[in-house]
Amino acid sequence: MIRINEISLKLDESEEILIEKVAKYFRMKEKDILDFKIIKKSIDARKSEIKFVYSIDLSTTKDEQLLKTKKVIPSDIFPYQYPVKGKKKLGARPVIIGAGPCGLFAALILAQMDYKPIIIERGNKIEDRIKNVEDFWHNRILNINSNVQFGEGGAGTFSDGKLTTQIKNPRCRKVLEEFINFGASEEILYKNKPHVGTDLIRQVIVNMRKEIENLGGTFYFNSQLTNLKITEGHLTAIEVNNNKEISTNICVLALGHSARDTFKMLADTSIHIEQKPFAIGVRIEHLQEWINKAQYGDFHSHANLSAAEYKLSCKSDNKNVYSFCMCPGGYVVGASSQENTVVTNGMSYYSRNGKNANSAILVNVTCEDFNSSDVLAGIYLQEKLEKLAFNLGGNNYNAPIQRVEDFLSNKETTKLGIIAPTYKPGFTMTNLRKHMPKYIADAIAFAIIEFNKKIENFAHKDAIITGFETRSSSPIKILRNENFESNIKGVYPAGEGAGYAGGIMSSAVDGIQIAEKIVSEFLL
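Read on for an overview of the structure. Residue indices begin from 1 for each chain and proceed along its sequence in written order. Reporting of local features is limited, given that this is a predicted model, to residues whose pLDDT is at least 70; pairs of side-chain atoms are given and counted only at 80 or more, and all residues count toward the totals for whole chains, interfaces and linings. Side-chain figures throughout are based on the complete set of non-hydrogen atoms in the structure, without hydrogens or water.

**Here's the deal with the overall build of the protein chain**
Summing up its helical and strand segments, the protein chain has 14 helices and 25 strands in all. Here the radius of gyration uses the C-alpha set of atoms, whereas the globule reference equals 2.2 Å times the residue count to the power 0.38. In summary, the protein chain has a C-alpha radius of gyration of 24 Å against a globular reference of 24 Å for 524 residues, a match within 12%. On the principal axes, the C-alpha backbone points of the protein chain span a range of 70 × 65 × 40 Å. Residue pairs in contact within the protein chain that sit at least 24 positions apart in sequence constitute 73% of those at least 6 positions apart. Working definition of accessibility: Shrake-Rupley area with a 1.4 Å probe, residue cover restricted to the visible protein chains. Accessible surface computed for the protein chain: about 22100 Å², of which carbon and sulfur atoms make up 47%. Numbering of helices and strands starts at the N terminus; helices are DSSP runs of H or I of at least 4 residues and strands are runs of E of at least 2. We call two residues in contact whenever any of their non-hydrogen atoms come within 4.5 Å of each other.

Here you go:
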C-alpha cells in the first residue's frame, strides 16, 4: 500500500469523489486503483475557505512507479502482532483490578491469547451502573462504588469518549480497531479528533465484556481489592471485599485515578508509591454557537461541519493553565465518588448536539504546592476542595457556580444571563473565586482573558464556571520497573490511576503493553 497526503475537498463536495480526485492527480484510470481507504481526515480552517484534508492509503497497479511521485510515501499501517508466549508456567489465572479502558484492554489481549483473565471491578456492570448514575443525577442518591468514577468502563464512560492522545504508539490502531469491532463508528479510525460519545461507548463496553467472557475471562462486579498477599516479595493471592481470597501470581493494578481507598491500602503495604504532579480547576460553559463562530467564521452553520472544538493553554506566572476534556455540545455532570463531596466532569453524546460547550480549565499542581512528604498529600488536597464545593453548593450535591463576569470581579453571582448551566444534579450561585486557593483562582482568571484573545466570547460575562474539577489525573504514581512490575513480583501498576496514562487511548495502550509483557514471560 502507498499513501498520499493533502488531498482536499470543499465543504460541499462528497467523499465519493475522492477516488476520482486521486485518479486525476496520478493521471490514471479509476480501475487502476485496486484498494482505497481513508487514513486521516481533518479540517483546515486557517484560510477564508474551510476544507477537509485527507490522507489516503491505496493499492494500485503502479505502486512502485508512484512511490517516486511527490506527496507519495509507503503506508505505515501494519496488522497488530501478538507476542510469542513465554515458557514460565503460571499456577493460576492472571487477575486484573479495574474494568476501565486499561483493565479491559489488558483483559482482551490476555483473553485473545487464551489466558482466561479474572477481572475484579468494585462497581456495577454498565447496565446497572447507568441506573446508579441516573439515580444520583436525578435523585441525589450516591452509590460510592458505582458512579461516574467507578464501574464497568471506567470514568471515560461518562465523558465525550475522546480517543485523542499525545502518544505515538502503533498499538493505538489496535485500540481503535477493537472499538469498531465492538460497535463504534468506523470514522474513529481516521478522524483527526475521534470520539465515541457517552451513549455509544456504553454498548461498546458491553460487547467487549461479552467477548472476553466468550474467550474464557471472568468478571466479578461489586468486588473491591482490599489486600495483597505477599510472601518473600512475591504476590501469592489477592483479597476481595475483606473476605474472599483469590490465588494468583499476576495482578494488574488498573485502578483508575479515583481509587483513593485502594491507594491508601497500598501505601500501608510495601508497594512503592510516590507523589506526582496533577491539576485542579473548574468547568467552563459557553454557547456552542459561539465556539462554532470563533472556529469556523462565516461557515459556522454549514451542515457538513460538526460542533467545533478548541484546545488552549497559557502560562500564568509559574503555572501552566490549559483546557482539558473539551465537550462540544455537551453537559457538565456530577462525578462524585465519596459522600458529601462535589466533583465535576464533562460529557457529550455522539451527536454533540447540546446547546452548550464545556471544558475543564486546569492549573498544574506540583508537589511543592501542598508542601508535605505524605505520599497521599495530593489526594488530601483534592478531597479538601471537593468537600468545599459540597458546602458551597448547599450540602445537597448541588455544584457551586459563578458567572465569568463575577468570577473576574471576585463577587457573588446572584442572577444568570443567557447561558443555562447544565450541571446535574443541580447548582447554587456563589462566589467560587473567594473560596478557591488564590494561586489557582488567579491563574484561571488570567487564562480566561488570554483564551478570549483566541476564542471570541470565551470571557463573555454570562459564561458559567462550575467548581471543582479535581479528577483529571492521578496525584500518585505506583512505581514500576522496565518489565512493568512494581517492587512486588507479579504486581503490575497500570494506566491512569498508577500514573502512566491520561485518557482512554493511552490507558488502553498501557493495558495492552502490560498484557503483552505477561504473555511473553508466562504460559497458562
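**Comments concerning the packing of aromatic side chains**
In summary, the pairing rule links any two rings of Phe, Tyr or Trp, Trp by its six-membered ring, whose centres are within 6.5 Å, and it sorts them by plane angle into stacked for under 30 degrees, edge-to-face for over 60 and tilted for everything else. By the definition in use, this model includes eleven aromatic pairs. Aromatic side chains Phe105 and Phe179 sit 5.5 Å apart centroid to centroid with 65° between the ring planes, which places their arrangement in the edge-to-face category. On the criterion of sequence distance, the pair formed by Phe105 in helix H3 (residues 101-112) and Phe179 in helix H5 (residues 171-181) is long-range, its members being 74 residues apart. A single burial state applies to Phe105 and to Phe179, both of which are buried. For the ring pair Phe451 and Phe458, a centre distance of 5.5 Å and an interplane angle of 90° mean the geometry is edge-to-face. Members of the aromatic cluster, connected to one another through ring pairs, are Phe136, Phe390 and Tyr397. We call a charge positioned over a ring when the NZ of a Lys or the CZ of an Arg lies within 6 Å of the ring centre and within 35 degrees of the ring normal. Here the guanidinium or amino end of Lys41 rests over the ring plane of Phe52, the centre of that ring lying 4.6 Å away. When the ring centre of Phe150 is taken as origin, the NZ or CZ atom of Arg122, which lies over that ring, is 4.1 Å away. Each residue is assigned to one of three classes by its accessible area relative to the maximum for its type, calculated with a 1.4 Å probe on protein chains only: buried under 20%, partly exposed between the two thresholds, exposed over 50%.

**Describing the packing of H5 against helix H14 (residues 504-521)**
For helices, the fitted axis covers only the stretch in contact; all axes are lines through C-alpha atoms, and the angles between them, taken along N-to-C directions, range from 0 to 180 degrees. The contact between H5 and H14 brings their axes to 9 Å, and the two run at 105°. By the criterion of interaxial angle, the relationship of H5 to H14 is roughly perpendicular. The segment H5 lies against H14, with Arg171, Cys172, Lys174, Val175, Leu176 and Phe179 engaging Ile504, Met505, Ala508, Val509, Ile512, Gln513 and Glu516. Think of it as three bins: nonpolar holds Ala, Val, Leu, Ile, Met, Phe, Trp, Tyr, Cys and Pro, charged holds Asp, Glu, Lys and Arg, and polar takes everything else, Gly as well. The class makeup of the residues in the contact of H5 with H14 is nine nonpolar, one polar and three charged. Working rule for angles: under 35 degrees goes down as roughly parallel, over 145 as roughly antiparallel, 65 to 115 as roughly perpendicular, anything else as oblique.

**A look at the pattern of salt bridges**
We define a salt bridge as a side-chain nitrogen of Lys or Arg found within 4 Å of a carboxyl oxygen belonging to Asp or Glu. Taken as a whole, this structure holds 31 salt bridges when the rule is applied. Between Asp57 and Arg3 there is a salt bridge, with its nearest N and O atoms 2.7 Å apart. You can see Asp57 sitting in strand E3 (residues 51-60) and its partner Arg3 sitting in strand E1 (residues 2-10), a full 54 residues away along the chain. Arg3 matches Asp57 in its accessibility class, with the two residues each being buried.

**Considerations on H3**
For H3, with twelve residues, the first-to-last C-alpha span of 16 Å sits near the 16 Å given by 1.5 Å per residue. Of all the positions in H3, only Pro101, Cys102, Gly103, Leu104, Phe105, Ala106, Ala107, Leu108, Ile109, Leu110 and Ala111 are classed as buried. Its buried side turned inward, H3 meets strand E6 (95-97), strand E7 (118-120), H5, helix H6 (198-214), strand E8 (218-220) and H14. Positive phi shows up at Asp114, right after H3, with a value of about 70°. Multiply 1.5 Å by the residue count of a helix minus one, and that product is the helix's expected span.

**Quick notes on the sheet that holds E3**
Two strands qualify as a pair provided DSSP detects at least 2 bridges between them. Taken together, the four strands give an open sheet; going across it, the order is E2-E3-E1-E4, and neighbouring strands pair in antiparallel fashion. Two strands in the sheet have a free side with no partner beyond their single neighbour: strand E2 (33-44) and strand E4 (72-74). Sheet twist, expressed as the mean angle between neighbouring strand axes with direction ignored, is 30°. In this sheet, E4 lies alongside E1 in antiparallel orientation, the contact comprising three bridges. Across the sheet, Arg3 pairs through a bridge with Ile73, a residue of E4.

**A short note on the environment of Asn358**
Along the polypeptide, Asn358 turns up in strand E19 (residues 356-365). Not counting chain neighbours up to four residues away, the residues in contact with Asn358 comprise Arg283, Ile284, Glu285, Tyr310, Cys325, Met326, Cys327, Gly330, Tyr331, Val332, Gly346 and Met347. Whenever a nitrogen or oxygen atom comes within 3.5 Å of another N or O atom, the pair is scored as a polar contact, on the condition that within protein one atom can donate a hydrogen and the other can accept it, and that pairs from neighbouring residues in sequence are kept only if both atoms are in side chains. A polar atom in the side chain of Asn358 sits 3.2 Å from the backbone oxygen of Tyr331.

**So, the sheet that holds strand E9 (residues 225-231)**
With antiparallel pairing, three strands are arranged side by side in an open sheet as E9-E10-E11. The open sheet is flanked by E9 and strand E11 (244-247), the only strands paired with a single partner. Each strand axis lies, on average, 30° off the axis of its neighbour in the sheet, ignoring direction. For E9 and strand E10 (residues 234-240), the ladder comprises six bridges, and the chain directions are antiparallel. When the sheet's bridge partners are listed, Leu228 is paired in E10 with Ile238.

**Some details on the environment of Val491**
Among the structural elements, Val491 can be located in strand E24 (residues 491-493). Judged by relative accessible area, which is 0%, Val491 ranks as buried. Sequence separation of Val491 and Leu235 is 256 residues, and the distance between their C-alpha atoms is 6.8 Å.

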